[in-house]
Amino acid sequence: MTSVNKEQDARELRPLTPIQRAQTREFIRELEHECQTYWDMVDVGDTLCRELHLTPELIILYSDGVEDFNPWYEAWRMNSWQIEGESPFGGAIVPPLLVSHFILSVQFDHTKPFAIGSIHTYHDSKIVAPIKVGATVRITTRAIEKFEKRGRRYVRHEAEVIDVNNGALYFQETRDILSL
Amino acid sequence: MAPDQTLRINASTPIGTELEPIKKRALIQLMGSRLWGRFNPNHWDPEYALSTGLSAPIQTGEMNSAYITEMCVNHFGEHLFQNARIVCKYIASTLADEIITTHGIVTEKETVGEGCRIKVDVWCDNELGEKKTVGWVEVTLPN
């Protein structure tokens, strides 16, 4: 396949009219604002935390993105809207790795432009206890190591997720990001 | 649909048992949804991906972890939500439109105070059998 054909095939994955293309290019220009790499943003020992309300809508946005339609995660259903839901733990619960997905928004200063091009490469996640949909959790991250391997730069963090109301520990994780 | 109870792994499941795979296409519209990859155009914009040397947008590795987790919930049910461990390493990029299949095989069993700790090697690959994500999962099951 020629490179021209390959490019054409790739573009067909997301067909766009001229106005959609212009809007896309504008959105990407905004993302490309000058930013520091994660490597430069983080010092070992940096500790950050944020709170996240795990609303029913947030849970189904996550689940729909990976086409996971397990009813245990449903505290929102079309036509009924917000419902209690059902799971082996009573009401609806959040998918096992959902909170892991939000750690990235905590471990780097989210008020600064996002560094496009960094890659999540590894996670070691401990699921301690189920989280009920509707809970508010506090995600705390701590940079524990910066290292280079085969010419690439990595930032390693530890993270912990607890319930804001009762302090219950839900989740712990060690994760690596490959920085630009 | 509630998880199929017939898939459940229990303390007497033998080592070598394979988990029932699940299959997903890496759909660019899902890869670029707001909650997933919208913050990085390499996850959803072909033109941008080409400009950075990729042949197509790449899926976030965490989507593969979510697929693996879905497979594990099918087999371990509520036990995956307490005192479980999931380790994943993203060894190759998943390109838009690839079909990803999850795999798992029971590799270890150990008696622990409250039951049996089971270890499962897990991975994802594409239609060509190229591995994208590898790792393992540990769950404690009651005797």
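Residues numbered from 1 in each chain as written. Chains lettered and ligands numbered in written order. Predicted model: local features only at pLDDT ≥ 70, side-chain atom pairs only at ≥ 80, totals over all residues.

Participant: Can you help me understand the overall build of chain B in this one?
Facilitator: Secondary structure assignment for chain B yields three helices and five strands. In sequence order, the secondary structure elements of chain B are arranged as β-α-α-α-β-β-β-β. Along the longest, intermediate and shortest principal axes, the C-alpha atoms of chain B span 55 × 25 × 25 Å. Expressed as a percentage of its 143 residues, the buried residues of chain B come to 48%. (Helix = DSSP H or I, 4+ residues; strand = E, 2+ residues; numbered from the N terminus. Buried ≥ 20, exposed ≤ 12 C-beta atoms within 10 Å, placed from the backbone.)

Participant: Whenever I open this one, the interface of chain B and chain A confuses me. Can you help?
Facilitator: A common way to express how large an interface is: the accessible area buried when the components associate. Contact residues are listed per partner, giving 46 residues for chain B and 38 residues for chain A. Counting only elements with at least two residues in the side of chain B that touches chain A, the list comes to helix H1 (28–31), helix H2 (46–51), helix H3 (61–76) and strand E2 (84–90) of chain B. Here the side of chain B that touches chain A takes nine residues from H3(B), the largest share from any one element. A breakdown of the residues in the side of chain B that touches chain A according to their chemical character gives 26 nonpolar, eleven polar and nine charged. In the sheet, strand E4 (residues 119–127) of chain A pairs with E2(B) via six bridges, with the strands oriented antiparallel. Within E2(B), the position partnered with A:His123 by the bridge is B:Cys88. (Contact = placed C-beta atoms within 7 Å. Nonpolar A, V, L, I, M, F, W, Y, C, P; charged D, E, K, R; others polar. Pairing = 2+ DSSP bridges.)

Participant: I keep staring at the pairing of strand E5 (residues 136–149) of chain A and nothing clicks. Help me out?
Facilitator: On a regular strand, one side chain projects to one face of the sheet and the next to the other, so that they alternate. Residues and elements named next belong to chain A. Here strand E1 (residues 47–53) pairs with E5 via seven bridges, running antiparallel. What sits directly across from Glu51, in E5, is Arg138. Across twelve bridges, the pairing between E5 and strand E6 (residues 152–163) is antiparallel. Within E6, the residue paired with Arg142 across the bridge is Glu158. What sits between the antiparallel neighbours E5 and E6 is a turn of two residues, in which Arg150 has the positive phi angle 45°.

Participant: Is there a simple way to explain the sheet that holds strand E3 (residues 99–112) of chain B in this structure?
Facilitator: Within a sheet, neighbouring strands are paired by backbone hydrogen bonds and run either parallel or antiparallel to one another. Overall, antiparallel pairing links the ten strands, which are arranged E1(A)-E5(A)-E6(A)-E7(A)-E4(A)-E2(B)-E5(B)-E4(B)-E3(B)-E1(B) in an open sheet. Among the strands making up the open sheet, the edge pair consists of E1 of chain A together with strand E1 (23–25) of chain B. Ignoring strand direction, the axes of neighbouring strands in this sheet form an average angle of 20°. (Axes fitted to C-alpha atoms, helices over the stretch in contact; angles between N-to-C directions.)

Participant: Any chance you could explain unusual backbone geometry here in plain terms?
Facilitator: In terms of backbone geometry, most residues other than glycine have negative phi values and most peptide bonds are trans. All names here are of chain A. Here Trp81, not a glycine, exhibits a phi torsion of approximately 65°, which is positive. Mapped onto the elements of the fold, Trp81 is located in strand E3 (residues 81–82). Accessibility expressed as a C-beta count within 10 Å gives 10 for Trp81, which makes it exposed. Notably, Arg150 is not glycine yet its phi reads approximately 45°, a positive angle. Within the secondary structure, Arg150 sits in the loop between E5 and E6. Using a count of 4 C-beta atoms within 10 Å as the deciding quantity, one classes Arg150 as exposed.

Participant: Just checking my understanding: could you explain the confidence of the model for chain A for this structure?
Facilitator: Keep in mind that low pLDDT regions are not for reading the predicted coordinates in detail. Confidence in the prediction for chain A averages 92 pLDDT; 95% of positions are at 70 or higher. Across chain A, the element-wise mean pLDDT spans from 70 in helix H1 (residues 3–12) of chain A up to 98 in helix H4 (residues 56–65) of chain A. (pLDDT = per-residue confidence, 0-100.)

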